[in-house]
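# Structural description and commentary
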Amino acid sequence: MPDTPDRHPCTLSRDATTDPARLREIAVDVAVAAAAHVRARRPELFPAADPGARTAGAVRSKSTETDPVTVADTETEDLIRRLLTRSRPGDAILGEEGGADAGSTGVRWVVDPIDGTVNFVYGIPAYAVSIAAQVGGTSVAGAVVDVAAGDVYSAARGGGATRTDAGGSVTRLRCNPVGDIAHALVATGFSYAPHRRERQGALVAELLPRVRDIRRIGAAALDLCMVASGRVDAHYEHGLQPWDWAAGALIAAEAGAWVRLPTGGGDDGEITVAAAPGVAAQLADLLATFGADAPIPA
């Protein structure tokens, strides 16, 4: 395993503030350092375009045989935890791979080291690092880095949302002004649990004739950021975990989206929705008509 802090240095001083703007800066700094590690590790772990050509031990199964986790996921989460602890000792951390660490400050960091691991394994350029800071269970700051594109999405509660591209150009994000659900481009995703997956497929069949089209990118954090940037008009998905939406949903909300979040941890299959305000009510009505506003058990 490489010495990740030396390969991708990130100098963060200790900081005890709970100001969302400062927490946003920390989230961005750490997410950018983590994305650099992910970017460097992919050609080392998967040296050929063929997904069968991979370093021994690079991939193992997680929740199901089709749900992979790579050594880069665990390395990157370890790096993120070290950087956050260095800057914010005492904060709690909840990570997809490493679980929850208790804290004493009232701030919890919610971390997805690689959102879109299947895309990462196959070399599809749609995977991201997602980091959010929560206070009282509510996201107040977050960053999502599109690793392949180099785009950095970020937001602070009450401070708006931006995208900084690989060249350093900053764009303030706003949802599309679409007003008719029939003209809406809608993103979604699917569970690895067979029963939930079957029901999700049936919902797509119901929704597809009533919207412009459906997109399935394979990384919920990026889907939510695409709502914020106007690259899609809405996103919905059942069974997302907090690390899937903690940063991206805040970014979407700060860009003007209507957002509905799960009340639990995601295992019960509750729905997450983010939609441009002009189609939010219409989408909610459609989902309710199809029974999609109810949880889908695994």
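All of the points below concern the structure found in this document. In this text, all values refer to a predicted model and were calculated from it rather than measured experimentally.

## Re the packing of helix 6 (residues 220-229) against helix 7 (residues 242-254)
- Packing of helix 6 against helix 7 brings their axes to within 8 Å, and their N-to-C directions diverge by 5°. Here helix 7 runs roughly parallel to helix 6, going by the angle between their axes. Two secondary-structure elements touch here, helix 6 through Ala220, Ala221, Leu224, Cys225 and Ala228 and helix 7 through Asp244, Trp245, Gly248, Ala249, Ile251 and Ala252.

## Notes on the environment of Ala255
- Looking at the element boundaries, Ala255 is found in the loop between helix 7 and strand 14 (258-260).
- Among the residues examined, Ala255 registers a relative accessible area of 1% and is labelled buried.
- Along the chain, Ala255 and Ala276 lie 21 residues apart, while their C-alpha atoms are 8.9 Å from each other.
- Ignoring any residue separated from it by four or fewer positions in sequence, one finds Ala255 in contact with Ala161, Leu173, Arg174, Cys175 and Ala228.

## Let's talk about the packing of aromatic side chains
- What the rule picks out here adds up to two aromatic pairs.
- Centre to centre, the rings of Phe46 and Phe120 are 5.7 Å apart; their planes meet at 85°, and the pair counts as edge-to-face. Here Phe46 is found in the loop between helix 2 (20-45) and strand 1 (59-61), whereas its partner Phe120 is found in helix 4 (residues 117-122), with 74 residues between them in sequence.
- Given the relative accessible area of 2%, Phe46 is considered buried.
- For the pair Phe120 and Tyr127, a centre-to-centre distance of 5.2 Å together with 80° between the ring planes defines the contact as edge-to-face. Comparing Phe120 with Tyr127 shows no difference in burial state: the two are buried.
- An aromatic cluster is built from Phe46, Phe120 and Tyr127, whose rings are joined through pairwise contacts.
- Sitting above the plane of the Phe120 ring, Arg42 keeps its charged end 5.8 Å from the centroid.

## Observations regarding the sheet that holds strand 12 (residues 213-215)
- Overall, mixed pairing links the five strands, which are arranged 12-11-13-15-14 in an open sheet. Edge positions in the sheet fall to strand 12 and strand 14, since each of these pairs with one other strand and no more. For this sheet, the mean inter-axis angle between neighbouring strands, taken without regard to orientation, is 15°.
- Helix 6 contacts strand 11 (185-188), strand 13 (234-238) and strand 15 (271-275) of the sheet and is inclined by roughly 150° relative to strand 13.
- Set on the sheet, helix 8 (residues 277-289) makes contact with strand 13, strand 14 and strand 15; between it and strand 15 the angle comes to about 150°.

## Quick look at the sheet that holds strand 7 (residues 138-146)
- Spatially, 4-3-5-6-7-8-9-10 is the arrangement adopted by the eight strands of the open sheet, whose pairing is mixed. Both edges of this open sheet fall to strand 4 (99-101) and strand 10 (170-172), since each of them pairs with a single strand only. The mean inter-strand angle of the sheet, taken between neighbouring strand axes irrespective of direction, is 15°.
- The sheet contact formed by strand 3 (residues 92-95) and strand 5 (residues 107-115) spans four bridges and is parallel. For Gly95, the partnering residue across the bridge sits in strand 5 and is Val111.
- Across the sheet, helix 3 (residues 71-87) touches strand 3, strand 4, strand 5 and strand 6 (128-135), and the angle it forms with strand 5 is around 155°.
- On the sheet, helix 7 packs against strand 3, strand 5, strand 6, strand 7, strand 8 (151-156) and strand 9 (161-164) and is oriented at approximately 95° with respect to strand 7.

Thresholds applied
Residues numbered from 1 in each chain as written. Predicted model: local features only at pLDDT ≥ 70, side-chain atom pairs only at ≥ 80, totals over all residues. Heavy atoms only, no water. Axes fitted to C-alpha atoms, helices over the stretch in contact; angles between N-to-C directions. Helix = DSSP H or I, 4+ residues; strand = E, 2+ residues; numbered from the N terminus. Parallel < 35°, antiparallel > 145°, perpendicular 65-115°, else oblique. Contact = heavy atoms within 4.5 Å. Buried < 20%, exposed > 50% of the residue type's maximum accessible area, 1.4 Å probe, protein only. Phe/Tyr/Trp six-rings, centres within 6.5 Å; stacked < 30°, edge-to-face > 60°. Lys NZ or Arg CZ within 6 Å of the ring centre and 35° of its normal. Pairing = 2+ DSSP bridges.

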